[in-house]
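Chain and residue survey
So the chains spell out like this:
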Amino acid sequence: MSLRRSARLVSTASTESPSITPNPGLAPQKTSRKRKTQNEDAIQSPGEPEEAPSTPKRRQVKRANLPPPATPTPQAVSLIAEGALPNGTPGTSKKPRPAAVARLADPNKTNATLLSPETSRIIASKPIDAVSPSKLSRGGGPNSSINGSKITTETLLEEACAHLIKVDERMRPLIEKHRCHLFTPEGLAEKIDPFEAITSSIISQQVSGAAAKAIKGRFIALFDDDGVQNNTEKAEEDLVKGRRRFPHPSQVVATPIEKLRTAGLSQRKAEYVSGLAEKFASGELSAQLLADAPYEEILEKLIAVRGLGRWSVEMFACFALKRMDVFSLGDLGVQRGMAAFVGRDVAKLKAKGGKWKYMSEKEMEEISDRFKPYRSLFMWYMWRVEETDVSTME
């Protein structure tokens, strides 16, 4: 029975599948080639040529002309230079401007009026009244003016501007258009707490200026004894008006990292601030050292502090210590300004080695060396060449 059924099925299949002969008058129809599945590839006959895989073409997307990268000079640098900012300028410090006191000045030394972080003792050069007239009129030395008399805080900016113009006449229109308030007698009279200035620099790293100020206010409020720990605006206002001192390094050292973080500091920044406070509390760093030490020694000691790089130390030396011969080769705003200053088309941005470059560091150094010992002022004007926003540093 089963054999007869199998025979019927075979005969039926043969009648339903007749052989089809191709018609020579009809062109073969093109069939769309479909991608073979994995099973089809597995059963591919040995004689059939293997099809090479094709890679889809990438769509060409037109790249927009991106603006040049932002300069490393942050707006938050105003926290470092709060003491140097004049009233009436948008975004400047609200600290009252002190009366200018004529003191001896030296372009190769610290010219700021410093406060000892622990004792609030004022550290500054001698007032003119305390110097004998014979020494003032005696010429020679690094702190002597062009006419041979001693340079003072009242004449420092004037002497520096005259030197820049003497070296390169192209500086004249920049100097006539922009007045650098940083080295004016009023700017040099502002009292600077170096521990506060460096702490502010650490706080401002990689955050906006508004965020940095808010964190700084909460940090100050952590050490408040008046029961207003949560009123960070009042803490900042009291600091500005002189009713409150920035925390002493010894206070910060005694505060656990976990509590410092409640001000909004990251774990790493809290460790940086605590480590900085320890160096001031132990005497390894002091306002006296920052006032007296040569610039290279200051660079060495501060770069060794965790959380501070060379650029941060250079900005601190210029805007907080008011040293006149600081120059930053790593600041893109300075680099761009110098390229424009020598007549290059800075709109044509060049990238070398994956980094934005307007001018080589070697060339920057060769040009800036001509303006010694007033490279800080030259650097300030290079920010101004391309109207780089340095209003927060004035």
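Here we summarise the structure given alongside this text.

So, how was this worked out
- As a convention, each chain's residues are numbered from 1 in the sequence order in which they are written.
- Local features are withheld for residues below a pLDDT of 70 in this predicted model, meaning they are given only at 70 or higher, and side-chain atom pairs are given and counted only at 80 or more; totals for whole chains, interfaces and linings count all residues.
- Computation of side-chain values covers all heavy atoms of the structure but excludes hydrogens and water.
- Secondary structure is summarised from DSSP: a helix means a run of H or I of at least four residues, a strand means a run of E of at least two, and numbering begins at the N terminus for each.
- Remark: exposure states derive from per-residue accessible area (1.4 Å probe, protein chains only) relative to the maximum for the residue type, with buried under 20%, exposed over 50%, and partly exposed in between.
- What makes two residues a contact is simply this: any of their non-hydrogen atoms within 4.5 Å.
- Areas reported as accessible are Shrake-Rupley estimates using a 1.4 Å probe. Residue values count occlusion only from the protein chains shown.
- Two rings from Phe, Tyr or Trp (for Trp, the six-membered ring) form a pair when their centres sit within 6.5 Å of each other. Planes less than 30 degrees apart are called stacked, planes more than 60 degrees apart edge-to-face, and all others tilted.
- Definition used: whenever NZ (Lys) or CZ (Arg) falls within 6 Å of the ring centre and also within 35 degrees of the ring normal, the charge is taken to sit over that ring.
- Only the contacting stretch of a helix is used when fitting its axis, a line to C-alpha atoms as for every element, and angles between N-to-C directions run 0 to 180 degrees.
- Small angles under 35 degrees read as roughly parallel and large ones over 145 as roughly antiparallel, with 65 to 115 read as roughly perpendicular and the rest as oblique.
- Two helices that cross are described as forming a left-handed crossing if the nearer one is turned anticlockwise from the farther one by less than a right angle, and a right-handed crossing if clockwise.
- Ten residue types, Ala, Val, Leu, Ile, Met, Phe, Trp, Tyr, Cys and Pro, are classed as nonpolar, four, Asp, Glu, Lys and Arg, as charged, and the remainder, Gly among them, as polar.
- Here a strand pair is declared whenever DSSP counts at least two bridges between the two strands.

With that settled, consider the overall build of the protein. Each helix and strand in the protein was counted, giving 18 helices and five strands. Per-residue burial for the protein yields a buried fraction of 42% across its 394 residues. For the protein, restricting intrachain contacts to residue pairs at least 6 apart in sequence, the fraction spanning at least 24 positions comes to 68%. Only carbon and sulfur atoms are counted for the fraction: they give 52% of the accessible area of the protein, which is about 22,900 Å².

With that settled, the discussion passes to the packing of aromatic side chains. One pass over the full model with this rule turns up nine aromatic pairs. Ring centres of Phe341 and Phe378 lie 6.2 Å apart, and the angle between their planes is 80°; on these two criteria the pair is classed as edge-to-face. Residue Phe341 is located in helix α16 (residues 332–341), and its partner Phe378 is located in helix α18 (residues 375–385); the two are separated by 37 residues in the primary sequence. Side by side, Phe341 and Phe378 carry an identical accessibility label, which is buried. Note on Trp380 and Tyr381: the rings are 5.0 Å apart at their centroids and 90° apart in plane angle, and the pair reads as edge-to-face. Residue classification places Trp380 among the buried positions, given a relative accessible area of 1%. Here the aromatic cluster, defined as three or more aromatic residues joined through ring pairs, consists of Phe195, Phe219, Phe223, Phe246 and Phe280. A cation over a ring is seen here: Arg170 above Phe341, with NZ or CZ 4.6 Å from the ring centre.

Moving on, we come to the packing of helix α7 (residues 194–203) against helix α12 (residues 267–282). Each pair of packed helices gets described by two things: the angle between the helix axes and the distance between those axes. Viewed as axis vectors pointing N to C, α7 and α12 meet at an angle of 165°, and their least axial separation amounts to 10 Å. With respect to their mutual orientation, α7 and α12 come out roughly antiparallel. For the crossing formed where α7 meets α12, the hand is right-handed. Residues Pro194, Phe195, Ile198, Thr199, Ile202 and Ile203 of α7 touch α12, and the partners they reach there are Lys269, Tyr272, Val273, Leu276, Ala277 and Phe280. Partitioned by chemical class, the residues of the contact of α7 with α12 number ten nonpolar, one polar and one charged.

What follows covers the environment of Ala291. Relative to the helices and strands, Ala291 resides in helix α13 (residues 287–292). For Ala291, a relative accessible area of 14% gives the class buried. Between the C-alpha atom of Ala291 and that of Leu321, which follows or precedes it by 30 residues, the distance is 7.7 Å. Discounting chain neighbours no more than four positions away, the residues touching Ala291 are Thr110, Leu114 and Ile123.

Here Arg375 shows up in helix α18. Among the residues examined, Arg375 registers a relative accessible area of 14% and is labelled buried. With residues near it in sequence (within four places) discarded, Arg375 still touches Met324, Asp325, Val326, Phe327, Ser368 and Asp369.

Turning our attention to unusual backbone geometry. Apart from glycine, the bulk of residues carry a negative phi angle, and the bulk of peptide bonds sit in the trans form. With omega at 0°, the peptide bond leading from Lys372 into Pro373 counts as cis. Position of Pro373 relative to the elements: it lies in the loop between α17 (361–368) and α18. Despite not being glycine, Ser120 shows a phi value in the positive range, around 65°. Backbone geometry places Gln206, a non-glycine residue, at a positive phi of 65°. As for its placement among the helices and strands, Gln206 is situated in the loop between α7 and α8 (209–221).

Taken in spatial order, the three strands make up an open sheet running β2-β1-β3, and their pairing is mixed. Whereas interior strands pair on both sides, the edge strands pair on one side only; in this sheet they are β2 (122–123) and β3 (191–192). Note that strand β1 (residues 113–115) and β3 share two bridges and pair parallel. Bridging across to β3, Thr113 finds its partner in Lys191.

Function-wise, these values are silent; they only describe arrangement.
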